[in-house]
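# Per-entry structural report
Listed here are the chains, written in short residue letters.
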Amino acid sequence: MKTLKRKITVLLLCLSLSWVNAQYEMKPVEGYSPQIGLMVYMLEDLKSRITEQVKDLDQSQTDFMYDEDANSIGALIMHLVSTEAYYQIETLSELQWTAEEQERWGIGGSLNEASKKKLKGKPIQYYLGLWDEVREKTLAGLKTKDDAWFASNLDEAFNYHWVWYHVMEHSANHMGQIGTVKNRLPE
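Since the model is a prediction, treat every value here as computed from it, not as a measurement. (Residues numbered from 1 in each chain as written. Predicted model: local features only at pLDDT ≥ 70, side-chain atom pairs only at ≥ 80, totals over all residues. Heavy atoms only, no water.)

Another aspect to go through is the overall build of the protein. When you go through the protein residue by residue, the secondary structure sums to 9 helices and 0 strands. Every one of the 187 residues in the protein was classed for burial, and the buried ones make up 37%. Of the accessible surface of the protein, which amounts to about 11300 Å², a share of 53% is contributed by carbon and sulfur atoms. (Helix = DSSP H or I, 4+ residues; strand = E, 2+ residues; numbered from the N terminus. Buried < 20%, exposed > 50% of the residue type's maximum accessible area, 1.4 Å probe, protein only. Areas by Shrake-Rupley, 256 points an atom, 1.4 Å probe, with all protein chains shown as cover.)

The subject of this paragraph is the nonpolar core. The biggest cluster of nonpolar side chains holds 43 residues, and the ones touching the most others in it are Ile 77, Leu 142 and Trp 164. For this core, the leading source of residues is helix 4 (residues 73-92), giving 11 residues. Apart from the residues within four sequence positions on either side, Leu 142 is in contact with Tyr 32, Ile 36, Val 40, Leu 43, Leu 92, Trp 149 and Trp 164. (Core = buried A, V, L, I, M, F, W, Y, C linked by side-chain atoms within 4.5 Å. Contact = heavy atoms within 4.5 Å.)

By the secondary structure assignment, Ser 171 is in helix 9 (residues 160-183). Setting aside residues no more than four positions away along its own chain, Ser 171 makes contact with Leu 46, Ile 50, Leu 80 and Trp 131.

Right, let's get into the packing of aromatic side chains. Under the definition given, this model contains 6 aromatic pairs. Both rings, one in Phe 158 and one in Trp 162, keep their centres 5.4 Å apart while their planes meet at 45°; by these two values the pair is tilted. For Trp 162, a relative accessible area of 40% corresponds to the partly exposed category. Every member of this aromatic cluster is reached through a ring pair, and the members are Tyr 86, Tyr 87 and Trp 97. Seen from the ring of Tyr 126, Lys 122 lies directly overhead, with NZ or CZ sitting 5.3 Å from the centre. Note that Arg 184 overlies the ring of Tyr 66, its terminal NZ or CZ placed 4.1 Å from the centroid. (Phe/Tyr/Trp six-rings, centres within 6.5 Å; stacked < 30°, edge-to-face > 60°. Lys NZ or Arg CZ within 6 Å of the ring centre and 35° of its normal.)

On to the environment of Gly 109, then. Structurally, Gly 109 can be placed in the loop between helix 5 (99-105) and helix 6 (113-118). Gly 109 gets classed as partly exposed once you look at its relative accessible area, which sits at 34%. Put simply, Gly 109 and Ala 85 are 24 residues apart on the chain and 9.7 Å apart in space, counted from C-alpha to C-alpha. When near neighbours in sequence (up to four residues on either side) are disregarded, Gly 109 contacts His 79 and Ser 82.

Turning next to helix 9. Working note: α-helix, 3.6 residues per turn, so residues spaced by three or four point in the same direction. Counted at 1.5 Å a residue, the expected span for helix 9 with its 24 residues is 34 Å, and the 35 Å between its end C-alpha atoms agrees. N-cap assignment for helix 9: the residue whose side-chain oxygen lies 3.3 Å from the backbone N of His 161 is Asn 159. (Expected span 1.5 Å × (residues − 1). Polar contact = N/O pair within 3.5 Å; in protein donor to acceptor, adjacent residues only side chain to side chain.)

Taken as a whole and judged by the stated rule, the model has 9 salt bridges. A salt bridge links Lys 27 to Glu 25, with the nearest nitrogen and oxygen atoms 3.3 Å apart. A salt bridge links Lys 118 to Glu 103; its shortest N-O distance comes to 3.6 Å. Linking Lys 118 in helix 6 with Glu 103 in helix 5, this pair joins segments that are 15 residues apart in sequence. Exposure class is identical for Lys 118 and Glu 103. Each is exposed. Connected through shared salt-bridge partners, Glu 44, Glu 84 and Arg 135 make up one network. (Salt bridge = Lys/Arg side-chain N within 4 Å of Asp/Glu carboxyl O.)

Spelled out as structure tokens, the structure:
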């Protein structure tokens, strides 16, 4: 009897592990060419994980800086918004920022003293709303492109795939910083 219980337990454990692993497959998002669809999957996964981490922050938590050299979570989210907006316009529209776009998005581009002073007093939903706005345009623009474009060179030094990889890994890097700031929030 003990052997049968052990076999059933092992079987159930194996089945549950295989079910869990199947949930974590990377598959291209439908509506995009295969390579772009994989990048969209990664971009959306990171945005979702960051949003989940910060969506319930209050104002003091959104603006909190644990020392004078740190950045607030609001500023870090705005930095991600700014980076994506920049590369979206440069690669999907093949334009450069207008003065209006520079005014709207540029403050988050550099995490410096000016941005620390200006990126305060806005709720976390403000920053997440801006990210949603930029992401919507990114997703619409990427739908119009194909894998041949994705692999083509923007200039001699890098291709479009690398640019969007950079946007994705940039989010992953700052997700770690956001986690650090969150861990240091006063109780």
